[in-house]
Amino acid sequence: MSYAPFKMRVFALLLDYLLILSYGIFVVGSVSFLFRQPLNFLFSNSPVTAQITGFVMMTAPVSLYFILSECSKWKGTWGKRKMSLQVVDDQGDRLGLSRSLIRTAIKFLPWEVAHFAIWRLMLPTSYSEKTLYIVLNTVNVAILLYLIVPFTNKKRRNIYDWLARTAVVEKEDEAS
C-alpha cells in the first residue's frame, strides 16, 4: 500500500469542505429563513438545546457523509475519490460501518467539544468562562496534534487512524 501524502489528504478535505459549505449555506440560508421562528427559539434559550439542534442540523449529516462514504465501495468521500485516495483497514480492505463510525467520531470530536464550549459562552450556563476557555484551548491543541501527527510516522496515520486502525492510501490502478 502506498500511503497518501499529507498534501493530498488536505486537498481532499478542502474538496469535501466545499460540499459541506454548500450544505451549510443551504441549511443556514434557506431552512433558517423558512423556519426562523421555531429555530430562533432552539438557538436562544438553552446551550444544551442549541447544541443538540446544531448537532442534528450540521454535525450529524456531515458525520454521516464521512461514515457512509468511507465504508462504501469507493472507500472514501467525494474529495478523496477526486484525489485518488481511499480509507482502508490494516489489511487494505474496505472499512466496516463500525470502524468508519469510530474513525469519524474521533475525527470530529474536537469540533463537537468546541461547539459545547461556544454555546456555553454565548448562552447562560453554570460553567465558568475560564473553564470554557480552557476547553477551547484544549480543542486547539487537539487540532494542532491532528495537523502534526501524520508527519511523525511512515504510514502518515492521524490519531483517529491509529485508534480506528485505518489508513489513507493512494488508490491502486484497477489494471495492476
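This one's a predicted model, so the numbers in the text were calculated from it and none came from an experiment. (Residues numbered from 1 in each chain as written. Predicted model: local features only at pLDDT ≥ 70, side-chain atom pairs only at ≥ 80, totals over all residues. Heavy atoms only, no water.)

1. A closer look at the pairing of strand S1 (residues 85-89)
Burial runs high along S1: five of the five residues are buried. A two-sided burial pattern is seen for S1, the buried positions comprising Leu85, Val87 and Asp89 on one face and Gln86 and Val88 on the other. Where S1 and strand S2 (residues 166-170) come together, five bridges link them in antiparallel fashion. Across the sheet, the residue bridging to Val87 is Val168, located in S2. (Buried < 20%, exposed > 50% of the residue type's maximum accessible area, 1.4 Å probe, protein only. Helix = DSSP H or I, 4+ residues; strand = E, 2+ residues; numbered from the N terminus. Pairing = 2+ DSSP bridges.)

2. Considering the packing of aromatic side chains
For the structure on display, the rule yields seven aromatic pairs. A ring pair is formed by Phe116 and Tyr127, whose centres lie 5.4 Å apart and whose planes are at 80°; its orientation type is edge-to-face. With Phe116 in helix H5 (residues 97-122) and Tyr127 in the loop between H5 and helix H6 (129-148), the pair connects residues that are 11 residues apart, well separated along the chain. Assessed through its relative accessible area of 39%, Tyr127 is described here as partly exposed. On the basis of an interplanar angle of 75° and a centroid distance of 5.3 Å, the ring pair of Tyr146 and Tyr160 is categorised as edge-to-face. Separated by 14 residues along the polypeptide, Tyr146 in helix H6 and Tyr160 in helix H7 (residues 159-164) bring together distant segments of the chain. One aromatic cluster is present, built from ring pairs that chain together Tyr65, Phe66, Phe108 and Trp111. Lying across the ring of Trp74, Arg81 places its NZ or CZ 4.8 Å from the centre. (Phe/Tyr/Trp six-rings, centres within 6.5 Å; stacked < 30°, edge-to-face > 60°. Lys NZ or Arg CZ within 6 Å of the ring centre and 35° of its normal.)

3. What about the packing of helix H2 (residues 36-44) against helix H3 (residues 47-70)?
It is at 6 Å that the axes of H2 and H3 come closest, and there the two elements cross at 125°. In terms of orientation, H2 and H3 fall into the oblique class. Taken together, the residues of H3 that come into contact with H2 (itself represented by Leu39, Leu42 and Phe43) are Thr49, Ala50, Thr53, Gly54 and Met57. (Axes fitted to C-alpha atoms, helices over the stretch in contact; angles between N-to-C directions. Parallel < 35°, antiparallel > 145°, perpendicular 65-115°, else oblique. Contact = heavy atoms within 4.5 Å.)

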